[in-house]
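# Tertiary structure, described
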Amino acid sequence: MTMAMPRVLFFNQAGLYGGAERSLYDLVVHYPGHCRVALMQAGPLYDDLIAAGVDTHVLGGGFQRPKRRRWIALTIRLYSLIVVAIGLVRLSRGYDLIYANSMKAAVIAVLTKPFHRRKMVWHLRSLLVPEHFSPLARLVARWCGNWGADLVIANSDATARAYQSNGGKCLPLIAYNGFTLEKFRPEMRADLRAQLVAEHGLDPMRPIIGMIGRIGPWKGQALALLGLSMGTDWQLLVVGEALFESENFRQDFHESATRYTQAGDVFCIGHRDDIAEIMGGVDVVIHASTLPEPFGRVIVEAMLAGTPVIASNGGGVPEIVQNGVSGRLIAPNSATALATAIEAALRETEQSLRMAVAARRYAEQHFALELTLPPVWLALRSVAAQPDGTDRSASSRCRRA
Ligand code: UDP
């Protein structure tokens, strides 16, 4: 891209990798202009950005929950917030705009706007619906979007619609997450399966069902365990960790998985970075979120890997998978529906593989990084080029429907 690009300060809360951080990494390392990254916490994202040669800073503080008395915990959090805010204002000097990745970063970028006085773009990657956010959080989000953000970008049409239903005055720009196609090798599926079997001691004769993604209360791992007890004879490979959850939740999940792991039906292999290989090595990938998913990167990854996919029908998921054409969509939060769909995917092999081929083609045509990134660059450039302070009403900052 030859056009002059604005100098962008990318700002994110977590230093660990959730889907939002994977997408941010791709945006940053491909940004065709000068940029810098500010994170509230250190972690693998920080390490990878530094390794990629990106000017990256940890502002400190973050939103850890100190286990102290309430007022001490509150003071520590307030102090952290101030440290982060000062750091953000300092790092934004000389930059044209701040790109806030997800909710907490957006709130801080808006609150500090009188000090940094930069344009602000909010990339919204959450569904602003009561199932995911409290009324107060949704009120803050509405205020952020309407009075602070110069542009809102949504990671799916569902995210954009939820934003508007929550009182957002403009129609966000919809920018799907993009993927590096070359990482996925559907033609190698048999080899990848053999590799996976050998590495984890799986039974090569039994179907392998892969469930990939961070472990969380609504991510559906508990539902998958329930589905397993209803199914006939498959083994479940659970990939991912409970990144942002409490210690209690982790313990509960691992305790409930133990019964199955001891029987050799479930393999919990923790967080992995070789997701393309794992996706390609399993026989079916399931996505079983019990609440609507804003986008669902893991679904696209399964499609690109050429593996039959079953996904929970809600949020942005039907924008990715067409039921019966590129995968099987199931009613959310139903272990029976999940088990039935898995049985069907294993029984109707030819149909499953035909859908997997269609899915790969669809994902290549819609979710390649080369396709998804340029509209974001253009949007950032046009926001940076807008004259300052002429009309601050939300409607003047909207992409028209
Ligand atoms: N992921 C990963 N290693 C793991 C589990 C998940 O790299 O062990 C990646 C996964 O491949 C996907 C992202 O984390 O790219 C999860 O994104 P998704 O949109 O599915 O869910 P989110 O975490 O944003 O809720």
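Per chain, the residues get numbers from 1 upward, laid out in the order the sequence is written. Reporting of local features is limited, given that this is a predicted model, to residues whose pLDDT is at least 70; pairs of side-chain atoms are given and counted only at 80 or more, and all residues count toward the totals for whole chains, interfaces and linings. As a convention, hydrogens and water are excluded, and side-chain values are obtained from all of the structure's heavy atoms.

### Here we look at a nonpolar patch on the surface
- Patch definition: residues above 30% relative accessible area lacking any salt bridge, with like charges linked at up to 9 Å and the nonpolar side chains Val, Leu, Ile, Met, Phe, Trp and Tyr linked at up to 5 Å. Computed with the Shrake-Rupley method and a 1.4 Å probe, the accessible areas treat only the protein chains shown as cover for residues. Any Lys or Arg side-chain nitrogen located within 4 Å of an Asp or Glu carboxyl oxygen qualifies as a salt bridge. A surface patch of nonpolar side chains, amounting to about 300 Å² of accessible area, comprises Leu-78, Ile-82 and Ile-86.
- Where helices and strands are cited, they refer to DSSP runs of H or I of at least four residues and of E of at least two residues respectively, numbered from the N terminus. Within the element layout of this structure, Ile-86 appears in helix α3 (residues 70–91).
- A residue is classified by how much of its surface remains accessible, and Ile-86, at 55% relative accessible area, is exposed. The buried label applies to any residue whose accessible area, calculated with a 1.4 Å probe on protein chains only, is under 20% of its type's maximum; exposed applies above 50%, and partly exposed to all values in between.

### So, the sheet that holds strand β6 (residues 151–154)
- Any two strands are treated as partners once DSSP identifies two or more bridges connecting them. Pairing within the open sheet is parallel, and its seven strands lie in the order β3-β2-β1-β4-β5-β6-β7. The sheet terminates laterally at β3 (56–58) and β7 (173–174), the two strands that pair on one side only.
- Direction of pairing for strand β4 (residues 97–101) relative to strand β5 (residues 119–124): parallel, over a ladder of five bridges. Bridged to Leu-97 within β5 is Lys-119.
- Along the sheet face, helix α1 (residues 19–29) touches β1 (8–12), β2 (35–39), β4 and β5 and points at about 150° away from the line of β4. Between two residues, a contact is recorded if the distance between any of their heavy atoms is within 4.5 Å. The axes used here are C-alpha line fits, helices contributing only the stretch in contact, and every angle between their N-to-C directions lies in the interval 0 to 180 degrees.

### Focus on the packing of aromatic side chains
- Stacked, edge-to-face and tilted labels apply to pairs of Phe, Tyr and Trp rings (six-membered ring for Trp) whose centres lie within 6.5 Å, assigned for plane angles under 30 degrees, over 60, and everything in between, in that order. If you walk through the whole model with that rule in mind, you get eight aromatic pairs.
- When the centroid spacing of 5.8 Å and the interplanar angle of 80° are considered together, the rings of Phe-295 and Phe-367 count as edge-to-face. Of this pair, Phe-295 sits in the loop between β11 (284–286) and α12 (297–305) while Phe-367 sits in the loop between α14 (349–366) and α15 (369–385), placing them 72 residues apart in sequence. In this structure, Phe-295 and Phe-367 share a single accessibility class: buried.
- The rings of Phe-10, Tyr-31, Tyr-99 and Trp-377 are connected pair by pair, giving a single aromatic cluster.
- When the ring centre of Tyr-95 is taken as origin, the NZ or CZ atom of Arg-7, which lies over that ring, is 5.0 Å away.
- Working rule: Lys NZ or Arg CZ, within 6 Å of ring centre, within 35 degrees of ring normal, means a charge sits over the ring. Here the guanidinium or amino end of Arg-22 rests over the ring plane of Tyr-17, the centre of that ring lying 3.8 Å away.

### Describing the pattern of salt bridges
- Here the structure, examined in full by the defined rule, presents 15 salt bridges.
- Across the pair Asp-157 and Arg-161 runs a salt bridge whose closest N-O atoms are separated by 3.1 Å. Here Arg-161 and Asp-157 lie together in helix α7 (residues 157–165), a separation of four residues that amounts to about one turn.
- Residue classification places Asp-157 among the partly exposed positions, given a relative accessible area of 29%.
- A salt bridge links Arg-347 to Glu-348; the nearest nitrogen and oxygen atoms lie 3.5 Å apart.
- Take Arg-347: its relative accessible area is 57%, and that puts it in the exposed class.
- Here Glu-348 falls in the partly exposed class, since its relative accessible area comes to 29%.

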